[in-house]
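Overview (structure and organization)
Here is what each chain is made of, one letter per residue.
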Amino acid sequence: MIPKFFTAYEVDKYHRGSIKDISVESLPKHEVTIQVEYSSLNYKDALSARGLNNVTKHYPHIPGIDAVGIIIEDLTGTYKSGDWVVVTGNDLGTNTFGGFGNLIRVPAEWVISKPTHLSPIETMMVGTAGFTSLYGIHQLQNVGIFSHSGPILVTGASGGVGSFSIFALSSFGFNVVAATNKSDVADFLSQLGAHTVISTNSLYPTNSKPLQARKWAAAIETVGGKLLGAVLSQINQKGAVACCGNILGMELNINILPFILRGVSLLGIDSAFCLKNTRQQIWDTANQLDFSLLPSSFSNIVPLRNIDQEIDKILNGEQKGRIIISHK
């Protein structure tokens, strides 16, 4: 039975957030209604909550681009009441009310069955960030990058996508090199599975040569801007870079030599809008991961009422690992 009200962290037109009881009539008229048990905090959620980068165009709004929970109603008959499902990406939490409310209503096409071997909390330990990293690994494997190919570089290593990429790549047998400028996270990254931790600053060329020495079989690059350009110039022959971030900017200033002389592939990771069958396939690979190997510091479960301070942390670059939002 669908309740008349649900509880959510709602952001008003002045970009001030508060916990409110909201009429269920405010939800969009989609087919699937889900009782959300957990969400997680992503950088995109923080931008939406603070009205930054035009992520969300209309307020009041409920952020939360991740949600795992239980089907209450599915008008298409695809899912039964009580089925555990997960929703990430698409328009959830950007301009459609998201997982920071304990009720969401979404199109059936957005809904994926929860991975069978993952608990709801583990599913949100993956979340959009983990899904993005698994999608990146999937894309690298599609162009022939495997564990025997050589070292894989992960930039933005302490962030959500970066840290999960280290764990997943290591779990799949890759030699992972983590790049960060945060000196206090080296032990944390090693615990996740990084074989080597280097300074991000060391990746920038010290000369103006269009091609730098080959260092990496591939990379998951989460930062963008000039760092993406630097990494592309260091990729091995027939290597690849999976790109999914723009914290350092959206401009890419690089020559074409990595592409025409080394055959390097630049792979865009459109994790918000990939096809449903691909999305289900990638989520199913999460069943292969052993979450017991993660350090306890990788994730922190916080109640919805504490979300504001966590939003400030992620915008200030202070978040480490994953923040899971509990509606319990």
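See the structure shown above.
Below or above, wherever it landed, is the structure these notes cover.

Looking now at the overall build of the protein. Check the secondary structure of the protein and you find 8 helices and 15 strands. For 328 residues, the compact-globule estimate of 2.2 N^0.38 gives 20 Å, and the C-alpha radius of gyration of the protein, at 20 Å, lies within 12% of that figure. If one aligns the C-alpha atoms of the protein with their principal axes, the spans along those axes are about 65 × 40 × 35 Å. Residue burial in the protein is summarised as follows: out of 328 residues, 54% are buried. A sequence separation of at least 24 residues applies to 70% of the contacts in the protein between residues at least 6 apart. As displayed, the protein has an accessible area near 14,100 Å², and 51% of this comes from carbon and sulfur atoms.

Next up on the list: the packing of helix H2 (residues 120–142) against helix H7 (residues 276–285). It is the contact of H2 with H7, at a shortest axis distance of 9 Å, that shows an interaxial angle of 110°. Looking at the two axes, H2 sits roughly perpendicular to H7. Counted together, Thr123, Val126, Gly127, Phe131, Leu134, Tyr135 and His138 of H2 and Thr278, Arg279, Gln281, Ile282, Trp283 and Thr285 of H7 form the full contact between these two elements. Taken together, the residues that form the contact of H2 with H7 break down as 6 nonpolar, 6 polar and 1 charged.

Looking now at the nonpolar core. Judged by nonpolar contacts, the single largest core of 46 residues is most densely connected at Phe164, Ile166, Leu189 and Phe291. Contributions of two or more residues to this core are made by H2, strand S8 (152–154), helix H3 (160–171), strand S9 (176–180), helix H4 (186–192), strand S11 (216–221), strand S12 (235–243) and H7. If one sorts the elements of this core by residue count, H2 sits on top with 8 residues. Not counting chain neighbours up to four residues away, the residues in contact with isoleucine 166 comprise Val154, Ala157, Val176, Ala178, Leu189, Leu192, Gly193 and Ala194. Counting residues in hydrophobic clusters, the runner-up holds 23 residues, among them Ile22, Ala46, Leu103 and Ile314.

On to the pattern of salt bridges. Taken as a whole and assessed by the stated rule, the structure comprises 9 salt bridges. For arginine 16, the salt bridge goes to aspartate 12, with nearest N and O atoms at 3.2 Å. A residue is classified by how much of its surface remains accessible, and arginine 16, at 52% relative accessible area, is exposed. By relative accessible area, aspartate 12 is classed as partly exposed at 21%. In this structure, the salt-bridge partner of arginine 322 is aspartate 66, at a minimum N-O distance of 3.5 Å. Of this pair, arginine 322 sits in strand S15 (residues 322–326) while aspartate 66 sits in strand S4 (residues 66–74), and the two are 256 residues apart along the sequence.

What the 6 strands build is an open sheet, ordered S10-S9-S8-S11-S12-S13; its pairing is parallel. Sheet topology places strand S10 (196–199) and strand S13 (265–268) at the edges, where each strand pairs with a single neighbour. In this sheet, neighbouring strand axes are inclined to one another by 20° on average, regardless of whether the strands run parallel or antiparallel. Here S11 runs beside S12; their pairing, made up of 5 bridges, is parallel. Opposite tryptophan 216, over in S12, you have isoleucine 235 as the bridge partner. On top of the sheet, H2 reaches S11, S12 and S13; it is set at about 150° to S11, its chief contact. In the packing of H3 onto the sheet, contacts are made with S8, S9 and S11, and the angle to S8 comes to roughly 155°.

Of all 5 residues that make up S9, 5 are buried, and the element is covered over most of its length. Here S8 runs beside S9; their pairing, made up of 3 bridges, is parallel. Opposite leucine 153, over in S9, you have valine 177 as the bridge partner. For the crossover from S8 across H3 to S9, the handedness is right-handed. In this fold, the crossover linking S9 to S10 by way of H4 has right-handed handedness.

This paragraph deals with a nonpolar patch on the surface. A contiguous nonpolar patch, built from Ile256, Ile260 and Leu261 and spanning about 320 Å² of accessible area, is present on the exposed surface. With respect to the secondary-structure elements, leucine 261 resides in the loop between helix H6 (257–260) and S13.

Before going further, it helps to spend a moment on helix H5 (residues 225–232). Buried residues dominate H5, accounting for 7 of its 8 residues. Of the residues making up H5, those classed as buried are Gly225, Leu227, Leu228, Gly229, Ala230, Val231 and Leu232. Those residues of H5 that are buried lie in contact with S8, S11, S12, H6 and S13.

Turning our attention to the packing of H2 against H3. Here H2 crosses H3 at 60°, and the two axes come no closer than 8 Å. Classified by the angle between their axes, H2 and H3 sit oblique to one another. For the pair H2 and H3, the sense of crossing is right-handed. Residues Met125, Val126, Ala129, Gly130, Thr132, Ser133, Leu134 and Ile137 of H2 pack against Gly160, Val161, Phe164, Ser165, Ala168 and Leu169 of H3. The residue makeup of the contact of H2 with H3, split by class, is 9 nonpolar, 5 polar and no charged.

Cut-offs applied
Residues numbered from 1 in each chain as written. Predicted model: local features only at pLDDT ≥ 70, side-chain atom pairs only at ≥ 80, totals over all residues. Heavy atoms only, no water. Helix = DSSP H or I, 4+ residues; strand = E, 2+ residues; numbered from the N terminus. Rg over C-alpha atoms; globule rule 2.2 N^0.38 Å. Buried < 20%, exposed > 50% of the residue type's maximum accessible area, 1.4 Å probe, protein only. Contact = heavy atoms within 4.5 Å. Areas by Shrake-Rupley, 256 points an atom, 1.4 Å probe, with all protein chains shown as cover. Axes fitted to C-alpha atoms, helices over the stretch in contact; angles between N-to-C directions. Parallel < 35°, antiparallel > 145°, perpendicular 65-115°, else oblique. Nonpolar A, V, L, I, M, F, W, Y, C, P; charged D, E, K, R; others polar. Core = buried A, V, L, I, M, F, W, Y, C linked by side-chain atoms within 4.5 Å. Salt bridge = Lys/Arg side-chain N within 4 Å of Asp/Glu carboxyl O. Pairing = 2+ DSSP bridges. Right-handed = clockwise from strand over helix to strand, strands pointing away. Patch = residues over 30% accessible without salt bridge, like charges linked within 9 Å, V, L, I, M, F, W, Y side chains within 5 Å. Left-handed = near helix turned anticlockwise from the far one by under 90°.

Function cannot be read off these values alone, since they describe shape.
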